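# Notes for the structure review
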Amino acid sequence: MINITLPDGSVKQYNQGVTALDVARDISEGLARNVLAAKVNGEVWDATRPLTEDVQLQLLTWRDAEGKSAMWHSSAHLMAEAIELLYPGVKFGIGPDVENGFYYDIDFVDHDISDKDFGKIEKKFLELAREKQTFDRKEVSKKDALAYFTEKDDEYKLELINDLEDGEITFYESGYFTDLCRGPHIPNTSPIKAVKLLKVAGAYWRGDETRKQLTRIYGITFPKKKELDEYLELLEEAKKRDHRKLGKELDLFTFSQKVGLGLPLWLPKGAQLRERLEQYLKKVQNEAGYEPVITPHIGNVELYKTSGHYQKYGEESFKPIKTPVEGEEFFLKPMNCPHHCEIYNSRPHSYKELPIRYAEFGTVYRYEQSGELHGLTRVRGFTQDDAHIFCTPDQIKDEFNGVIDIINQIFKALDFKDVIIQISLRDPDNKDKYIGSDENWEKAESAIIDVADERGLNAVIEYGEAAFYGPKMDFIVKDALGRKWQLGTIQVDYNLPERFDLTYIGPDNEKHRPVMIHRAPFGSMERFVAVLIEHCAGNFPLWLTPDQFIVLPISEKYQEYAEKVLHLLKKYEIRGLIDDRSEKTGRKIRDAELKKIPFMLIVGEKEEAEGTVSVRKHQHGDMGTFEIEQFANMINEEVEQMTFAK
RNA sequence: GCCAACAUAGCUCAGUUGGCCAGAGCAGCUGAUUUGUAAUCAGCCGGUCGGGGGUUCGAAUCCCUCUGUUGGCUCCA
């Protein structure tokens, strides 16, 4: 007999060889039907795998993330089975579960596949699911495993098996399909009631662009058709928030083939919005002791040879510009730091001056691969809210903390709540990819980790994500469709000070090396605005929105009064416009609602006589009649509150 | 850059298996209307059907190619 401890602390006794599914059945049939997998001593197992000793057991269902994983992973197998039946001879790469569903990388050999084939695959998929196929785990020797896939002529699986140790190889058999797989899987396919294949994409085998590109098919499954419908509806809703769509609708930005791809053009309303963000940050930075600097858009090739960027990125940059007579070469600047180093170097510095903080909204240009360009989030020309802090090694922590304060303040003012904080460190197995000494790297990495610990930040550590010159802390936010974008970043850099031979005179009258901190709270204005648009679905906070109100005169008779209202509100520094078209009020309201203007001020006979406005709030409706001053105070209070959100 | 799909008026989209001068709604312009909380009416303007090549008696429609967009992959100082 063995003891099974359940999450509520109760202990039950069973015969050796009992399965999690048996335990579930013992509790209730309903539970047994819903069990997808089991957590055994903290490790996720098949619910059908025999338990041979005393264990802590947790049954996993659709409600648990691990339960979903097991089902989606099993769905990947099922899709592979369907595809193998429909397209004999295809070869399989890997097929894991992902955040929302699963994918399988497949070499279709000589079959052509596109999303037009999805319907056929989905149909076969559901047929197979209804067969209640079980997933049978088999431990296989390396020799047998190799033999099986040699027979199948699947070089991808063979490569995977060759990387595994004998004794740790398992196969799963389901229906007609056998796959190399660690598991775990759901007991059988009956919970999979609804499937949707979502997209086809090319994916390099093992993420290596020098290797063959396989066809990746993404899909998602649900235990109920209704849940699938809800998910698809959610995707539709998300599309409405897409910054590319809203940017067009709200006249914020555009692109022109003639100007060039990846080069955004800011329209008046978008430029206004962006300028407000910049002014806000300038004010915050001014209070935090930053000094503005301005540098040109190009820099001599020598500058980037000194910085090391030339060696690393020279080949994948826009080609240099040459002066016609001297033949001197200049790069469009891909970052501002080398310029700022030269500003620092323009005269000697005393330790008493440090830290020095140079800030610049610097526009930079980077050659990005054409397939990667995406709205405002991935462009070839963009403006960083950049600053470089030059400080002594023992000032790093304070400075780092100061930057985090600024980032927190901004994210709070804009109501960004779901921010992922990532500490990006060097890949310890691939140190040649980075410049600088081990000692400096270790110092910088531990400084960042210490600050995160001290502030109790819930940060994730990622190895191999560091910049080539130093480790960093990134602030990552998701867009409407759940894609992750890096916004703010703080980077410690011991390398550029070396390369530019930056120094300060210490109290000992000797030269010392300062440390540089690169930081950009927004990251880039383009990307930040894009994420902001999606975050608030185009309903910008009052302090940022291009037009705060629109006056809607009932008829031309009240045009003069409308102008008076506009004029008065201007005096309170509230911005707006008048809809003077010869349209009905209902129409003007509809258009203003669609333009997402926060307040509509309706004025007619009554308002003119009383010197008031009738206020309608966007998405809320009629708020009643206000004195003009009263309305102005309401707006200004709201603006004040948001800007100074702590 | 790679894989796949897509590209028709400023915007959103119709255009069946190639067949009369390519259509609609919105926007724009002109006029009428003088309007009270999400669309007043009428007329007009607007397209070398992304560019180029080809097949055909005939191409928005079929083929090739280039460009761009979208979704991924790879990359991201």
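Residue numbers restart at each chain and count upward from 1, following the sequence in its written direction. The order in which chains are written sets their letters, starting at A; the order in which ligands are written sets their numbers, starting at 1. Restriction of local features to residues with pLDDT of at least 70 applies here, the model being predicted, together with a cutoff of 80 or more for giving and counting side-chain atom pairs; totals for whole chains, interfaces and linings are based on all residues. Note that water and hydrogens are dropped before the side-chain values are worked out from all heavy atoms of the structure.

### What to know about the overall build of chain A
Helix and strand definitions here come from DSSP, where helices need a minimum of 4 consecutive H or I residues and strands a minimum of 2 consecutive E residues; each element is numbered from the N-terminal end. The secondary structure content of chain A amounts to 20 helices and 35 strands. Only protein chains enter the accessibility calculation, which uses a 1.4 Å probe; a residue whose area is less than 20% of its type maximum is buried, one above 50% is exposed, and one in between is partly exposed. Residue burial in chain A is summarised as follows: out of 646 residues, 50% are buried. When contacts within chain A are restricted to residue pairs at least 6 apart in sequence, those whose partners lie at least 24 apart make up 68%. Only the protein chains shown count as cover for residues, with accessible areas throughout obtained via the Shrake-Rupley method and a probe of 1.4 Å. When the accessible surface of chain A is totalled, it reaches about 31,900 Å², and 47% of it is carbon and sulfur. Positive charges are assigned to Lys and Arg, negative charges to Asp and Glu, while His and the chain termini are left out of the count. In plain terms, the charge of a residue is placed at NZ if it is Lys, CZ if Arg, CG if Asp and CD if Glu. Charge-centre separation for chain A: the mean point of 87 positive side chains lies 4 Å from the mean point of 112 negative side chains. Here, residues are in contact when the closest pair of their heavy atoms is within 4.5 Å.

### Brief notes about the sheet that holds strand 12 (residues 170-174)
Any two strands are treated as partners once DSSP identifies two or more bridges connecting them. Reading across the sheet, the three strands line up as 11-12-13 and stay open at both edges, with antiparallel pairing between neighbours. Two strands in the sheet have a free side with no partner beyond their single neighbour: strand 11 (136-139) and strand 13 (177-180). Going from strand to strand, the sheet's axes swing by 25° on average, the running direction of each strand aside. Examined bridge by bridge, strand 12 and strand 13 share four bridges and lie antiparallel to one another. Pairing of Glu-173 across the sheet is with Thr-178, part of strand 13. Helix axes are fitted only over the stretch in contact, all axes being lines through C-alpha atoms; the angle between N-to-C directions runs from 0 to 180 degrees.

### Regarding unusual backbone geometry
Of the consecutive residues Gly-183 and Pro-184, the connecting peptide bond is found in the cis state with omega at -5°. Considering the arrangement of structural elements, one finds Pro-184 in the loop between strand 13 and strand 14 (194-204). Put simply, Leu-354 and Pro-355 share a cis peptide bond, and its omega is 0°. In this fold, Pro-355 is placed in the loop between helix 12 (337-344) and strand 22 (356-365). Even without glycine at this site, Lys-596 takes up a positive phi of about 60°. One can find Lys-596 in the loop between helix 18 (585-594) and strand 33 (599-603).

### Details of the protein's contact with RNA strand B
One heavy atom within 4 Å of a molecule or strand makes the whole residue count as near it. Around RNA strand B, the surrounding shell holds 54 residues, and the nearest of these are Gln-213, Ser-370, Glu-372, Arg-587 and Ser-614. The share of sugar and phosphate among atoms of RNA strand B within 4 Å of the protein is 50%. Polar contacts, as used here, are pairs of N or O atoms within 3.5 Å; protein pairs need one atom able to donate a hydrogen and one able to accept it. Residues neighboring in sequence count only if both atoms are side-chain atoms. Glu-583 is positioned with one of its side-chain polar atoms (N or O) 3.3 Å from a phosphate oxygen of RNA strand B. Here a sugar or linking oxygen of RNA strand B and a backbone polar atom of Thr-585 are 3.4 Å apart. Elements that contribute at least two residues to the surface near RNA strand B include exactly strand 14, strand 15 (213-222), helix 8 (243-249), helix 11 (309-313), helix 18, helix 19 (605-610) and strand 34 (612-617).

### As for the domain arrangement of chain A
Partitioning chain A into structural domains gives domain 1 (2-61), domain 2 (66-236), domain 3 (253-296 + 355-535) and domain 4 (549-643). Just the C-alpha atoms count here: the centres of domain 1 and domain 2 sit 26 Å apart. Taken together, the 13 residues of domain 1 in the interface contact twelve residues of domain 2. The salt bridge definition used is simple: a Lys or Arg side-chain nitrogen within 4 Å of an Asp or Glu carboxyl oxygen. Ionic pairing is found between Glu-66 and Lys-39, a salt bridge with its closest N-O pair at 2.7 Å. Taken together, domain 1 and domain 2 are joined by three residue pairs in polar contact (both at pLDDT 80 or more). Counting residues per element, the ones that place at least two in the side of domain 1 that touches domain 2 are strand 4 (37-40) and strand 5 (43-45). Each residue is assigned to one class: nonpolar for Ala, Val, Leu, Ile, Met, Phe, Trp, Tyr, Cys and Pro, charged for Asp, Glu, Lys and Arg, and polar for all the others, Gly among them. Grouping the constituent residues of the side of domain 1 that touches domain 2 by class yields eight nonpolar, two polar and three charged. Where each domain begins and ends is defined by an automated method or by a domain database.

### Remarks on the packing of helix 13 (residues 396-413) against helix 14 (residues 438-455)
Relative to each other, helix 13 and helix 14 sit at 55°, their axes nearing to 10 Å. The angle between the axes of helix 13 and helix 14 places the two elements in the oblique class. Crossing angle aside, the handedness with which helix 13 passes helix 14 is right-handed. Contacts between helix 13 and helix 14 involve Ile-396, Lys-397, Phe-400, Asn-401, Ile-404, Asp-405 and Asn-408 from the former and Ala-447, Ile-448, Asp-450, Val-451, Glu-454 and Arg-455 from the latter. Considered class by class, the residues forming the contact of helix 13 with helix 14 number six nonpolar, two polar and five charged. If an angle is under 35 degrees, it is roughly parallel; if it is over 145, roughly antiparallel; if it lies from 65 to 115, roughly perpendicular; otherwise it is oblique. Here is the rule for handedness: rotate from the far helix to the near one, and if that takes an anticlockwise turn smaller than a right angle the crossing is left-handed, while a clockwise turn gives right-handed.

### Focus: a negative patch on the surface
Like charges within 9 Å and nonpolar side chains (Val, Leu, Ile, Met, Phe, Trp, Tyr) within 5 Å are joined into patches, using only residues over 30% in relative accessible area that form no salt bridge. Residues Glu-556, Glu-560, Glu-563, Asp-580, Glu-605 and Glu-608 make up a contiguous surface patch of negative charge. Take Glu-556: its relative accessible area is 62%, and that puts it in the exposed class.

### Topic: the state of the cysteines
Two cysteine sulfur atoms make up a disulfide if the distance between them is within 2.5 Å. Applying the stated criterion across every chain, the model contains zero disulfides. Unpaired in terms of disulfides, Cys-391 finds its nearest cysteine sulfur in Cys-341, a separation of 13 Å. Accessibility expressed as a relative area gives 0% for Cys-391, which makes it buried.

### With respect to the pattern of salt bridges
One side chain can pair with another of opposite charge once the charged atoms of both are near each other. Per the stated rule, a full pass over the model turns up 47 salt bridges. Among the salt bridges present, the one from Asp-547 reaches Lys-269, with a minimum N-O distance of 2.7 Å. Of this pair, Asp-547 sits in the loop between helix 16 (525-535) and strand 31 (549-553) while Lys-269 sits in helix 9 (residues 268-287), and the two are 278 residues apart along the sequence. Its relative accessible area of 28% is what places Lys-269 among the partly exposed residues. Between Arg-455 and Asp-405 there is a salt bridge, and its shortest N-O distance comes to 2.9 Å.

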